[in-house]
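Here's the letter readout for the chains.
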Amino acid sequence: MRVVLAVLALLLAAPATGGVIDTVETRIDVRRDRAEVKLVLSSAVPWRVGTLADPWRLALDLDGGDFAGLGADALGEGVRWGVVGPDRMRLIVDLPGPMRVTEAAMSSADGTIRVTVTADADAQASLPEESADLDTPPSTREGPLLIALDPGHGGIDPGAQRGLTTEADLMLRFSQEAAAALRRSGHDVVFTRERDEFVSLRGRVNIARAAGADLLISLHADAIESGDASGATIYTHATQDEDALTQELTARQARDDLLMGVVLEGQGDRVAQILVDLALLDTAPRADAFADALAGAIEAAGLPLHKRPRLGADFTVLKSPDIPAVLLELGFMSDPRDLANLRNPVWRRQMADALARAVDTWAVADRANETRRRR
Ligand SMILES: [Zn+2]
């Protein structure tokens, strides 16, 4: 497996063929109260945007962006670019003061990114100084586990909404409660977001990988328009979505990502895909084992489970080749009982405790299997 992962890392770091910047059509316009960026690329690539403080800058990260042949200051005064990770470029635009991102979209048709930032005295930096590094090796899994908690949605993507309650806020709150339960069990936690901000789906996986997480748990409570789904559902990766409920959720995720202009999957070459599949062969049974443990812990706590609690889906956050990943739908905001539960701190605490117990159960079995595999 180690050999395969090494080859995979090389492939991920291979020179990109898409995302070549068009310096003629690209426009960067910075004014005192507002800045606009129109970045024209030869094809769509995964990207994210955010701000950095002290001094204030706009940062645009592109996975597979190709700025080769472009001078360091070719885009004008106050605009720089550099490599911040394997296959990741960062474009930096100096800003005159605190600003926040008010518009960000990529046209999936032609790879044009449009970003607007607007002056805001209360703005906070939305990006870490260093971008997540794709090349950090997975942890060796000794000692306490590092659990990556991924509160779904955030920022310009609120997720499901019922009244004043948004899925993004609920999941942010639950991620903190789950972290407290995990820490009580002696585990460490890393978050893909800790405030109301937008993080791309692939960006979430990158954060977990960069931290060397042992397990990635994505947290959602979506609303479903069709049928009457209720209770908790746990997803692991499958190349085919298994039922109508899953198809609706997958379609929604894809639509959200297009809306935000992020992550187009399936553009890698076939060899890379085969290597990802091979890596998943090793990781998938471990993710399935955790999903089973989680369903068992939720049921044992007497909390409602969906009639088919274990499902497979082709969600982007489940496609980390070397970290077992599950997506937990705690319940559905479209179901009145689930919504009341999700809003109830006592119920959430029971769910957080069940999640921590599932991690404990899984950790023991997983380490035993690891020892067996090494022999
Ligand atoms: Zn969701």
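Here, the structure is the one placed above.
As a starting point, this report considers the structure included with it. (Residues numbered from 1 in each chain as written. Predicted model: local features only at pLDDT ≥ 70, side-chain atom pairs only at ≥ 80, totals over all residues. Heavy atoms only, no water.)

**Thoughts on the overall build of the protein chain**
Move 1: Scanning the protein chain for helices and strands turns up seven helices and 16 strands.
Move 2: For the protein chain, with 375 residues in total, the buried portion stands at 51%.
Move 3: Looking at the protein chain alone, contacts between residues at least 24 apart form 76% of all its contacts between residues at least 6 apart.
Move 4: A total of about 16,900 Å² of accessible surface is found on the protein chain, and carbon and sulfur atoms cover 53% of it. (Helix = DSSP H or I, 4+ residues; strand = E, 2+ residues; numbered from the N terminus. Buried < 20%, exposed > 50% of the residue type's maximum accessible area, 1.4 Å probe, protein only. Contact = heavy atoms within 4.5 Å. Areas by Shrake-Rupley, 256 points an atom, 1.4 Å probe, with all protein chains shown as cover.)

**Brief notes about the coordination of the zinc ion**
In an ideal octahedron of six donors the angles at the metal are 90 or 180 degrees, and in an ideal tetrahedron of four donors they are 109.5 degrees.
Move 1: Listed as protein donors to the zinc ion are His153 (NE2), Glu167 (OE), His220 (ND1), Asp222 (OD) and Asp222 (OD); their distances from the metal cover 2.0 to 2.6 Å.
Move 2: Counting the intervening residues between successive donors of the zinc ion yields the motif H-x13-E-x52-H-x1-D. Of this pair, His153 sits in the loop between β9 (146-151) and β10 (161-162) while Asp222 sits in the loop between β13 (215-220) and β14 (232-237); the two residues are 69 residues apart in sequence, bridging distant segments of the chain. In this structure, His153 and Asp222 share a single accessibility class: buried. (Donors = N, O, S within 2.8 Å, 3.2 Å for Na, K, Ca; no water.)

**A look at the pairing of strand β2 (residues 34-40)**
Remember that side chains alternate between the two faces of the sheet whenever the strand is regular.
Move 1: Sheet topology note: the strand β1 (residues 27-30)/β2 ladder contains four bridges and is antiparallel. Note that in β2 the partner of Asp29 across the bridge is Glu36.
Move 2: Counted between consecutive antiparallel strands, the loop separating β1 from β2 contains three residues.
Move 3: Inspection of the sheet shows β2 paired to strand β8 (residues 112-119) by seven bridges, in the antiparallel sense. Its bridge partner being in β8, Lys38 is matched across the sheet by Arg114. (Pairing = 2+ DSSP bridges.)

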